[in-house]
Amino acid sequence: MAHTHSAHDKDAQVKVIWKTFWILLGITIVEVGMAFVHLYTGFPSKLWLNSLFILLTLFKAFYIVAEFMHLRHEIKNLIMTVLMPLMLFIWFIIAFLADGDSWKNMRKDLSPGTPVKKEAPVAAPAHH
Amino acid sequence: MDNAVTAKKKWWNGGYSPFSVSYGKLMMWYFLISDAFTFGALLISYGTQRFMAEAWPDPNVVFHSFPFMGHTNLPLVFVSLMTFILIMSSVTMVLAVHAGKYMDRQGVTKWLVLTIVGGLMFLGCQAWEWTHLHEVGAWWGRNPFPNADGSAAISTNFTDFFFTITGFHGLHVTSGVILNIIVLINVLKGTYEHRGHYEMVEKVGLYWHFVDLVWVFVFTCFYLL
């Protein structure tokens, strides 16, 4: 009795593994397909396409960590101890990419030959 | 091992893991977190440089070759194959871990061998890709690719980051293959059968999936975006 139950469990788990595989493969095919659609038609625009790629990448990461690495089935303490430190990445990504962008703009504005932006003359405060 | 989670347990009083996993697995998780930060730092510095640059090469132009296809323009196809191989080897690794839970020594052996084959295939693909890129003049410090807007490359950031990050990932795949081979030898020797559990397969499995996880991000950052 106990043995048949465990054999049933075993098959169910194998099913989950293959289901995860098909999800990961499907997402990858969609990504590559979208890249080709963009290449030939220019649709969707680069911004939307990249947002979609990042979203799908995070989906894939979720399935790998949750199912393949089994994290979803661990207890909450462990899940939190693994995921909380990774929250630093939110700051990390925003801060550094914004920094890169700001450097680009500064280089453009300050490079030799760039016309200086004319500031609107500030009205001199009247003293008298 | 008393791993059942009950309401009455005092989590931090000792005697069992408050995370309900063994010490070895927990330390593997912690190692992987630190490794995630290493890869994260590399990828974010790549992103910073890319945001800083006024122009950047188009990946669909740089990565368009496939072995034995000559000059046929096949963007993304080869790297998609590499991605497929790595996902597939992740599946065989999960199946090896799964067989280990049921003390199925033959199953573990079969799936581990397939995982090692997958890892070696991936490394073979990467070796071909690197060789090809080297032949067209790309290397650390050498960037032959024009920018997407048609202007000539003014820095070697693109190739430097590409070779450093895919190289660091490839190094992880290599050590993963070596770890898998060591574990396979132990499986064949009956070490884990004798020990009463196949937890070591789970630990290298965690590492192997992490390498797959990193590839998902490398794939997006270098080939898609």
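The name an unreviewed UniProt entry gives chain B is Cytochrome oxidase subunit III, with Chitinophaga alhagiae as the organism. Checking UniProt for chain B, the heading Sequence similarities (unreviewed entry) contains the comment "Belongs to the cytochrome c oxidase subunit 3 family."

Labelled according to an unreviewed UniProt entry, chain A appears under the name Cytochrome C oxidase subunit IV, originating from Chitinophaga alhagiae. Quoted straight from UniProt, the Subcellular location (unreviewed entry) entry for chain A says "Cell membrane".

A.B. asks: What exactly am I supposed to notice about the pattern of salt bridges here?
C.D. replies: Side-chain pairs of opposite charge can arise where the charged atoms are in close proximity. Residue and element names in this part refer to chain A. This structure, assessed with the given rule, holds six salt bridges over all chains. Lys-60 is the partner of Glu-31 in a salt bridge, and the nearest nitrogen-oxygen pair spans 3.1 Å. Residue Glu-31 is found in helix H1 (residues 2-41), and its partner Lys-60 is found in helix H2 (residues 46-68); the two are separated by 29 residues along the sequence. Here Glu-31 matches Lys-60 in class, with each residue buried. Note that Arg-72 and Glu-67 form a salt bridge whose closest N and O atoms lie 2.4 Å from each other.

A.B. asks: When you look at the side chain of Thr-92 of chain B in this model, what are you seeing that I'm missing?
C.D. replies: Residues and elements named next belong to chain B. Locating Thr-92 in the fold gives a position in helix H3 (residues 77-101). Exposure remark for Thr-92: the relative accessible area of 7% places this residue in the buried category. For Thr-92, the residues in contact, after removing those within four places along its chain, are Trp-111, Leu-114 and Thr-115.

A.B. asks: What is the right way to read the nonpolar core from this model?
C.D. replies: For soluble globular proteins, nonpolar side chains are generally found buried alongside one another. Counting 85 residues, the largest nonpolar core has Trp-215, Phe-222 and Tyr-223 of chain B as its most contacted members. Where this core is concerned, the elements lending two or more residues are H1, H2 and helix H3 (76-86) of chain A together with helix H1 (23-52), H3, helix H4 (105-135), helix H5 (157-189) and helix H7 (199-224) of chain B. It is H7 of chain B that provides the largest number of residues to this core, a total of 17 residues. Three or more residues apiece are contributed to this core by two domains, here domain 1 (1-73) and domain 2 (76-106) of chain A. Ignoring sequence-local partners within four residues, the contact set of Phe-222 of chain B consists of Leu-43, Tyr-46, Pro-59, Phe-63, Phe-161, Phe-162 and Ile-165 of chain B.

A.B. asks: I tried to follow H2 of chain A on my own but got confused; where do I start?
C.D. replies: All names here are of chain A. Here H2 spans 32 Å end to end across 23 residues, near enough to the 33 Å set by a 1.5 Å rise per residue. Among all positions of H2, only Leu-49, Asn-50, Phe-53, Leu-56, Thr-57, Lys-60, Ala-61, Ile-64, Val-65, Ala-66, Glu-67 and Phe-68 are buried. Phi turns positive, to about 70 degrees, at His-70, one or two residues after H2.

Parameters at a glance
Residues numbered from 1 in each chain as written. Chains lettered and ligands numbered in written order. Predicted model: local features only at pLDDT ≥ 70, side-chain atom pairs only at ≥ 80, totals over all residues. Heavy atoms only, no water. UniProt positions renumbered as here; feature names shortened; annotations may be inferred. Salt bridge = Lys/Arg side-chain N within 4 Å of Asp/Glu carboxyl O. Helix = DSSP H or I, 4+ residues; strand = E, 2+ residues; numbered from the N terminus. Buried < 20%, exposed > 50% of the residue type's maximum accessible area, 1.4 Å probe, protein only. Contact = heavy atoms within 4.5 Å. Core = buried A, V, L, I, M, F, W, Y, C linked by side-chain atoms within 4.5 Å. Domains from an automatic or database assignment. Expected span 1.5 Å × (residues − 1).

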